[in-house]
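Secondary and tertiary structure notes
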Amino acid sequence: MRHTPNEVWLEILEKLSDTARQDVYLHQAVPLSITTEALNIAVPSAYTRARIEERFRADIQRVLATLIGAQCALILTVDESTSEDSTDLEETQHEESLNQLHDSEKTSDRDEPASLTQSETGLNPNYRFDRFIVGSSNMICHATALAVSENPGRDYNPLFIYGGVGLGKTHLLHAIGNRLLANQPDKKVLYVTSETFMNEYVESIVNRGSAQGFRTKYRTADMLLIDDIQFLQRKEGTQEEFFNTFNALHMNSNQIVMSSDRTPDNLENLEERLQSRFQSGMVAEISMPQYEIRIAILRQKCRDQGWGGVPDEVLSYIAEVVTTNIRELEGTLLRLIAQATILKEDLTLEFARQVLNDVGTPSPIRLRKTATSRGIQTAVADHFGIEIEDLVSQKRTRELARARQIAMYMCRELTQMSYSNIAQVFNREDHTTIMHACRQIEKTIEENDEEQQTITLLLNQFR
């Protein structure tokens, strides 16, 4: 009978293929704990985690299901201290060097470019192709993205992906980068938002000594993935810099992938020469998935999060009610689970209808009351036990900064206010502060389930 995490991990490794058992990244993993719900494994770096996620998660999860049960999830935790505990570290590094030489099939004495760490690439290892549900609404976009990840810089360069908010554009961008690095670890892949690109460009102007470093960073990338390109509109200086970056990459057959909420020709405040270049490659649309795919997405979310026992009729109901975007779809599922847990209720169809304020014929989720910036500020201030005056002040304590960003995000989600209008009600001079806050909260929602529940409960006061 298996008792310890080590015993379970060793048994898992024994049941994997010969190739997996010899993999250097798996041998850097250290089992921490085991319960009926999860096996927690520590790895020394985000890059190691990404490699295991991409190559072996499905196989490990399959073996884990037979040993412990289908409800038992694999959790990979980055802990840099485990690198000191890894067995035969020098041998591991030697094997990695041999693998890189074998992959590149080169025998020259010149130095190979150093691989970037996960934080340097900007990639989220959880966004992979095997976690992307494919249907008629995104089939062409998915196939094109997959082709680009396998053969970058060839047929579809640039690749321009467009569609509404929360439909999976960002997921595909990360998946492209993760797949390329899984196949060719020596490639230099960069994922950034257009806001990050602009901020770094501005910084390079302010600090003249960093201008060359900025250009080298972006113009030597093997693949540049840039999200929300529409935010370059009206940024003349940044457009000029991106135009030159685009040309440098394209001239060297380095892959460029962009996402936007609209087609290139609808980016009205973008220079024509940029619009022309964006349309010179493949322009692919991603739209809201049909009903059956929405159910599949919800089931995938349940598997990924270990949410067993959600009735199919509840998932079907959510898929009927939410027709806006995937983020709202998954958020609604989380809201139901969170409220059922808090209220200690069974997650039934009747309970789902009550929570969604819709007993009877399903219809899109609506607001319970008109959301205003003042109402949102009051709700957030009450929740965190702070004063509204502090919330809109320039104070920067950790607690205030967190509450302030949540309130800014809620204003964007629940009202029709522009970034500039939100900046005004929070006494901020620059609308990019609001954009950054929204980005930070979206990232938090993706990565932290506890924070996700807090934000969902706050949003539910208005939905």
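Residues numbered from 1 in each chain as written. Predicted model: local features only at pLDDT ≥ 70, side-chain atom pairs only at ≥ 80, totals over all residues. Heavy atoms only, no water.

Broken down by element type, the chain carries 22 helices and eight strands. Per-residue burial for the chain yields a buried fraction of 49% across its 463 residues. Contacts in the chain between residues at least 24 apart in sequence constitute 72% of all its contacts with a sequence separation of at least 6. For the chain, the computed accessible surface area is about 22,900 Å², with 46% contributed by carbon and sulfur atoms. (Helix = DSSP H or I, 4+ residues; strand = E, 2+ residues; numbered from the N terminus. Buried < 20%, exposed > 50% of the residue type's maximum accessible area, 1.4 Å probe, protein only. Contact = heavy atoms within 4.5 Å. Areas by Shrake-Rupley, 256 points an atom, 1.4 Å probe, with all protein chains shown as cover.)

Attention now goes to helix H17 (residues 373–384). In an α-helix, one full turn covers 3.6 residues, which means residues spaced three or four apart are oriented alike. Relative to the 16 Å expected for twelve residues at 1.5 Å per residue, H17 spans 17 Å between its end C-alpha atoms, a close match to the ideal helical length. Among all positions of H17, only Ser373, Ile376, Gln377, Ala379, Val380, Ala381 and Phe384 are buried. The first or second residue beyond H17 is glycine 385, which carries a positive phi of 70 degrees. (Expected span 1.5 Å × (residues − 1).)

The topology assignment puts histidine 174 in helix H8 (residues 169–183). Overall, histidine 174 belongs to the buried group, its relative accessible area being 4%. Those residues in contact with histidine 174 that sit more than four places away from it in its chain are Gly122, Leu123, Asn124, Tyr127 and Tyr191.

Bringing the pairing of strand S7 (residues 255–260) into the picture now. Burial analysis of S7 places six of its six residues in the buried class, which makes it a mostly covered element. The two faces of S7 match: Gln255, Val257 and Ser259 on one face and Ile256, Met258 and Ser260 on the other face are all buried. Bridging between strand S4 (residues 159–162) and S7 involves four bridges; their strand directions are parallel. Across the sheet, the residue bridging to tyrosine 162 is serine 260, located in S7. (Pairing = 2+ DSSP bridges.)

Spatial strand order, S1-S2-S3: three strands in an open sheet with mixed pairing. Two strands in the sheet have a free side with no partner beyond their single neighbour: strand S1 (30–34) and strand S3 (73–78). Pairwise comparison of adjacent strand axes, ignoring direction, gives a mean angle of 25 degrees for this sheet. Bridging between S1 and strand S2 (residues 38–43) involves four bridges; their strand directions are antiparallel. (Axes fitted to C-alpha atoms, helices over the stretch in contact; angles between N-to-C directions.)

Okay, the packing of aromatic side chains next. Going through the model one piece at a time under the given rule, you end up with ten aromatic pairs. An aromatic cluster is present here, built from Phe160, Phe197, Tyr201, Phe214, Tyr218, Phe242, Phe246 and Phe278 joined pairwise through their rings. Between the NZ or CZ atom of arginine 273 and the centre of the ring of phenylalanine 243, over which it lies, the distance is 3.9 Å. (Phe/Tyr/Trp six-rings, centres within 6.5 Å; stacked < 30°, edge-to-face > 60°. Lys NZ or Arg CZ within 6 Å of the ring centre and 35° of its normal.)

Before going further, it helps to examine the environment of leucine 329. Structurally, leucine 329 is set in helix H15 (residues 326–343). Using a relative accessible area of 0% as the deciding quantity, one classes leucine 329 as buried.

A surface patch of nonpolar side chains, amounting to about 280 Å² of accessible area, comprises Val134, Met139 and Ile140. Tracing the sequence through the fold places methionine 139 in helix H7 (residues 139–150). In this structure methionine 139 comes out as partly exposed when scored by relative accessible area, which is 48%. (Patch = residues over 30% accessible without salt bridge, like charges linked within 9 Å, V, L, I, M, F, W, Y side chains within 5 Å. Salt bridge = Lys/Arg side-chain N within 4 Å of Asp/Glu carboxyl O.)

One open sheet accounts for five strands, arranged S5-S6-S7-S4-S8; its pairing is parallel. The open sheet terminates on both sides in strands that have one partner only, identified here as strand S5 (189–193) and strand S8 (282–285). Pairs of neighbouring strands in the sheet enclose a mean axial angle of 15 degrees, with direction left out of account. Judged from the five bridges that link them, S5 and strand S6 (residues 223–227) form a sheet pairing that is parallel. Its bridge partner lying in S6, threonine 193 is registered against aspartate 227. Sheet strands touched by helix H11 (residues 236–251): S6 and S7. Its angle to S7, the strand with the most contacts, is close to 140 degrees.

Our focus in this paragraph is the nonpolar core. Counting residues in hydrophobic clusters, the biggest one holds 34 residues, and the most contacted among them are Ile376, Val380, Met410 and Phe426. Counting only elements with at least two residues in this core, the list comes to H17, helix H18 (388–391), helix H19 (398–414), helix H20 (419–425), helix H21 (432–447) and helix H22 (449–460). Sort the elements by how many residues they give to this core and H19 lands first, with nine residues. The residues contacting phenylalanine 426, other than those within four sequence positions of it, are Gln377, Leu391, Val392, Arg404, Ala407, Met408 and Cys411. Core analysis: the next-biggest nonpolar cluster, separate from the first, contains 28 residues, Trp307, Ala319, Val321 and Ala352 among them. (Core = buried A, V, L, I, M, F, W, Y, C linked by side-chain atoms within 4.5 Å.)

Turning our attention to the packing of H21 against H22. Angle between the axes and distance between the axes are the two parameters that describe a pair of packed helices. H22 packs onto H21 with a crossing angle of 120 degrees between their chain directions and a minimal axis gap of 6 Å. Relative to H22, H21 is oriented oblique. At the point where H21 passes H22, the crossing takes the left-handed sense. Along its contact with H21, which presents Ile441, Thr444, Ile445 and Glu447, the element H22 presents Asp449, Glu451, Gln452 and Ile455. When the residues that make up the contact of H21 with H22 are grouped by side-chain class, the tally is three nonpolar, two polar and three charged. (Parallel < 35°, antiparallel > 145°, perpendicular 65-115°, else oblique. Left-handed = near helix turned anticlockwise from the far one by under 90°. Nonpolar A, V, L, I, M, F, W, Y, C, P; charged D, E, K, R; others polar.)

What follows deals with the confidence of the model for the chain. Where the model shows low pLDDT, its predicted coordinates should not be examined in detail. Scored by pLDDT, the chain has a mean of 81; 86% of the residues are at 70 or more. Least confident of the elements in the chain is helix H5 (residues 89–104), whose mean pLDDT is 39; most confident is S7, at 96. A low-confidence stretch, residues 83–114 (pLDDT under 50), is modelled with 17 contacts involving residues beyond four sequence positions or located in other chains. Below pLDDT 50 for its whole length, residues 358–368 participates in 29 contacts with residues either more than four positions away or in separate chains. (pLDDT = per-residue confidence, 0-100.)

Summed over the entire model, instances satisfying the criterion amount to 16 salt bridges. Arginine 179 is the partner of glutamate 150 in a salt bridge, and the nearest nitrogen-oxygen pair spans 2.7 Å. Of this pair, glutamate 150 sits in helix H7 while arginine 179 sits in helix H8, and the two are 29 residues apart along the sequence. By relative accessible area, which is 35% here, glutamate 150 ends up partly exposed. Measuring nitrogen to oxygen at the nearest pair gives 2.7 Å for the salt bridge that ties arginine 262 to aspartate 261. A relative accessible area of 31% means that aspartate 261 is categorised as partly exposed. Through salt bridges with shared partners, a single network forms among Arg215, Arg219 and Glu241.

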